[in-house]
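# Structural features, examined
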Amino acid sequence: MTSPQPAETPTRKRSAQTATLAEIAREAGVSAPTVSKVLNGRADVAPSTRARVEELLRVHGYRRRRAESTRSPLIDLVFHELESAWAMEVIRGVENVARDTGLSVVLSESAGRLTPGRTWADQVAARRPHGVILVLSGLDDSQRALLTSRSIPFVVMDPAGDPGADVPSIGATNWQGGLAATRHLVDLGHTRIGAISGPTRMMCSRARIDGYRAALETAGLPVDPDLIVTGDFHHEAGYRQGLELLRRPDRPTAVFAGNDLQALGLYEAARELGLRIPQDLSVVGFDDLPVARWVGPPLTTVRQPLMEMAEAAARLVLDLGRDDGSPTATRVELATSLEVRSSTASREA
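This structure is a prediction, so every number in the text was calculated from the model and none was measured. (Residues numbered from 1 in each chain as written. Predicted model: local features only at pLDDT ≥ 70, side-chain atom pairs only at ≥ 80, totals over all residues. Heavy atoms only, no water.)

In this approach the atoms are scanned with a rolling probe the size of a water molecule, which exposes any empty space left behind. Estimated volume of the second largest pocket: approximately 290 Å³. Lining the second largest pocket we find 20 residues, and of these His80, Glu81, Trp86, Leu136 and Phe233 sit closest to its centre. Tallied by class, the residues present in the lining of the second largest pocket amount to eight nonpolar, five polar and seven charged. (1 Å grid on protein atoms, 1.4 Å probe; cavity = no way out; pocket = protein on both sides within 12 Å on 5 of 7 lines; lining within 4 Å. Points joined across faces, edges and corners; volume = space filled by probe spheres on them. Nonpolar A, V, L, I, M, F, W, Y, C, P; charged D, E, K, R; others polar.)

The following block contains the structure:
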């Protein structure tokens, strides 16, 4: 009669796991302590070595024990640039959710790059936050693999490009906003309507200009490529490109500035050329930053619910972290709305 097999004990589980770690160390050509450092998120491992070990852990289906995956009480918030009132609205939104859940926010910037550096990814893996929110940024394949292997969820807010079908993201109805802004100017009787776009590499910028074009085409107005100039979403670009548009002998009578900061730069260019807003030039921005209500005249703009978008991104990344299964990618777009103020007027005014 065959004796029953003993039930698997915790000791036996650890032995099987130790054998797997030893195998991973041999295949990676490193020591077992180095594999342990990778598992524990230690920063003193070369990026190439960490990537090799993480890939082998994934291939072998290694599951970190609960103690190894304990999270720090943090949310990582990553900007491609961190220097404007736009960023402050996003920070406030994430802070609102973090404060309510007893978490702190770690801020970092990728110095204008749309993908953070590899050092950043290693630091995040070592911190083991509850989640990562990337604003106008993204991750390369190795960074995604590293965060996924560490069970660190991530969400992209206002993605610069197509984040991929499997990447959770929070955005706004940029195309609809560009359409509403331009349609407002058309309804006021303007037929020569200029536009200052943001960077063409950013999806939100392209969507807003596509909305601008659609509004003109729907109204039966030509889309004049000479009236579309490219900025970078900063005040200086609005000023510089505004001068270029307004110095034309057949200058536009209205401009969709692409965002509020470029609209403020356009205000400065108009003043320098002796043009009055809205009597000589109507201006529409995008974002509805607090300054849009304070500038003179108050700026007509498309409200992008930045704080609400940031709150939604923070709640989503925390929800993903609570899910024990493979979460379904979520893509959410919050509605924009036109806020009519005093920077626009009818063409006859």
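Their axes nearest at 7 Å, the elements helix α7 (residues 174–187) and helix α8 (residues 203–218) cross at an angle of 40 degrees. Between α7 and α8, the interaxial angle falls into the category oblique. Of the two elements, α7 crosses α8, and the hand of that crossing is right-handed. Along its contact with α7, which presents Asn174, Trp175, Gly178, Leu179, Thr182, Arg183 and Val186, the element α8 presents Cys204, Ala207, Arg208, Asp210, Gly211, Tyr212, Ala214, Ala215, Leu216 and Thr218. (Axes fitted to C-alpha atoms, helices over the stretch in contact; angles between N-to-C directions. Helix = DSSP H or I, 4+ residues; strand = E, 2+ residues; numbered from the N terminus. Parallel < 35°, antiparallel > 145°, perpendicular 65-115°, else oblique. Left-handed = near helix turned anticlockwise from the far one by under 90°. Contact = heavy atoms within 4.5 Å.)

Right, let's talk about the packing of aromatic side chains for a bit. Inspection of the entire model under this criterion finds one aromatic pair. Ring geometry for Phe256 versus Phe286: centroids 6.5 Å apart, planes at 50 degrees, classification tilted. Placement of the pair is Phe256 in strand β8 (residues 254–256) and Phe286 in strand β9 (residues 282–287), with a sequence separation of 30 residues. Taking the relative accessible area as the measure of exposure, Phe286 reaches 0% and is therefore buried. Over the aromatic face of Phe286 sits the side chain of Arg208, whose NZ or CZ is 3.8 Å from the ring centroid. (Phe/Tyr/Trp six-rings, centres within 6.5 Å; stacked < 30°, edge-to-face > 60°. Buried < 20%, exposed > 50% of the residue type's maximum accessible area, 1.4 Å probe, protein only. Lys NZ or Arg CZ within 6 Å of the ring centre and 35° of its normal.)

The next thing to look at is a negative patch on the surface. Taken together, the side chains of Glu83, Glu109, Asp232, Glu236, Glu268 and Glu272 present a region of like negative charge at the surface. By the secondary structure assignment, Glu83 is in the loop between β1 (74–79) and α4 (85–100). Judged by relative accessible area, Glu83 falls into the exposed class, the value being 58%. (Patch = residues over 30% accessible without salt bridge, like charges linked within 9 Å, V, L, I, M, F, W, Y side chains within 5 Å. Areas by Shrake-Rupley, 256 points an atom, 1.4 Å probe, with all protein chains shown as cover. Salt bridge = Lys/Arg side-chain N within 4 Å of Asp/Glu carboxyl O. Lys, Arg positive; Asp, Glu negative; His and termini not counted. Charge placed at Lys NZ, Arg CZ, Asp CG, Glu CD.)

We now examine the pairing of β9. With six of six residues buried, β9 is to be regarded as a mostly interior element. Pairing analysis gives three bridges linking β8 to β9, with the strands arranged parallel. Looking at β9, one finds that Val255 is bridged to Val283. Chirality of the crossover, the property in question, places the unit of β8, helix α10 (residues 260–272) and β9 among those that are right-handed. Taken together, the four bridges between β9 and strand β10 (residues 300–303) define a ladder with parallel strand orientation. (Pairing = 2+ DSSP bridges. Right-handed = clockwise from strand over helix to strand, strands pointing away.)

This next bit is on the sheet that holds β1. The six strands are arranged β2-β1-β3-β4-β5-β11 in an open sheet whose pairing can be described as parallel. Edge strands, defined here as strands with exactly one partner in the open sheet, are β2 (104–109) and β11 (331–334). The average angle at which neighbouring strand axes cross in this sheet is 20 degrees, direction not considered. Relative to β11, strand β5 (residues 169–172) is paired through four bridges, and the arrangement is parallel.

This part takes up helix α3 (residues 47–59). Here α3 contains 13 residues, and its C-alpha end-to-end distance of 18 Å stays within 8% of the 18 Å for a straight helix at 1.5 Å per residue. Restricting attention to buried positions, one finds in α3 the residues Thr49, Arg50, Val53, Glu54, Leu56 and Leu57. In an axial view of α3, the angular spread of the buried residues amounts to 160 degrees, which keeps them on one side of the axis. What points out from α3, more than 90 degrees from its buried face, is the exposed set Ser48, Arg58 and Val59. (Expected span 1.5 Å × (residues − 1). Arc of directions from axis to C-beta.)

This next bit is on the sheet that holds strand β12 (residues 337–339). Ordered by their spatial adjacency, six strands build an open sheet running β7-β6-β8-β9-β10-β12, and the pairing between neighbours is mixed. Each edge of the sheet is formed by a strand with only one pairing partner; in this case those strands are β7 (228–230) and β12. Between one strand axis and the next, the sheet turns through 20 degrees on average, direction left out of account.

We now examine the side chain of Asp76. One can find Asp76 in strand β1. In this structure the side chain of Asp76 is engaged in a polar contact, spanning 2.5 Å, whose partner is the side chain of Arg127. Dropping the residues within four chain positions of it, Asp76 is found in contact with Val106, Trp120, Val124, Arg127, Pro129, Gly131, Val132 and Ile133. (Polar contact = N/O pair within 3.5 Å; in protein donor to acceptor, adjacent residues only side chain to side chain.)

Turning our attention to the environment of Pro73. Summarising the element assignment, Pro73 is placed in the loop between α3 and β1. For Pro73, a relative accessible area of 48% puts it in the partly exposed group. In the structure, Pro73 is positioned 31 residues away from Ser104 in sequence and 6.4 Å away in space, judged by C-alpha atoms. With near-sequence residues (within four places) excluded, Pro73 lies in contact with Gly102, Leu103, Ser104 and His130.

What follows concerns the nonpolar core. If you look at the biggest cluster of nonpolar residues, it comprises 36 residues, and the most contacted ones within it are Leu77, Ile133 and Met157. Element by element, the count of residues in this core is highest for helix α12 (residues 306–322), at 10 residues. In this structure Ile133 touches Ile75, Asp76, Leu77, Val78, Val94, Val155, Met157, Ala313, Ala314 and Val317, once residues within four positions along its chain are discounted. Membership of the second largest hydrophobic core comes to 34 residues, among which are Ala195, Leu216, Ala263 and Val295. (Core = buried A, V, L, I, M, F, W, Y, C linked by side-chain atoms within 4.5 Å.)

What is shown is where atoms sit, not what they do.
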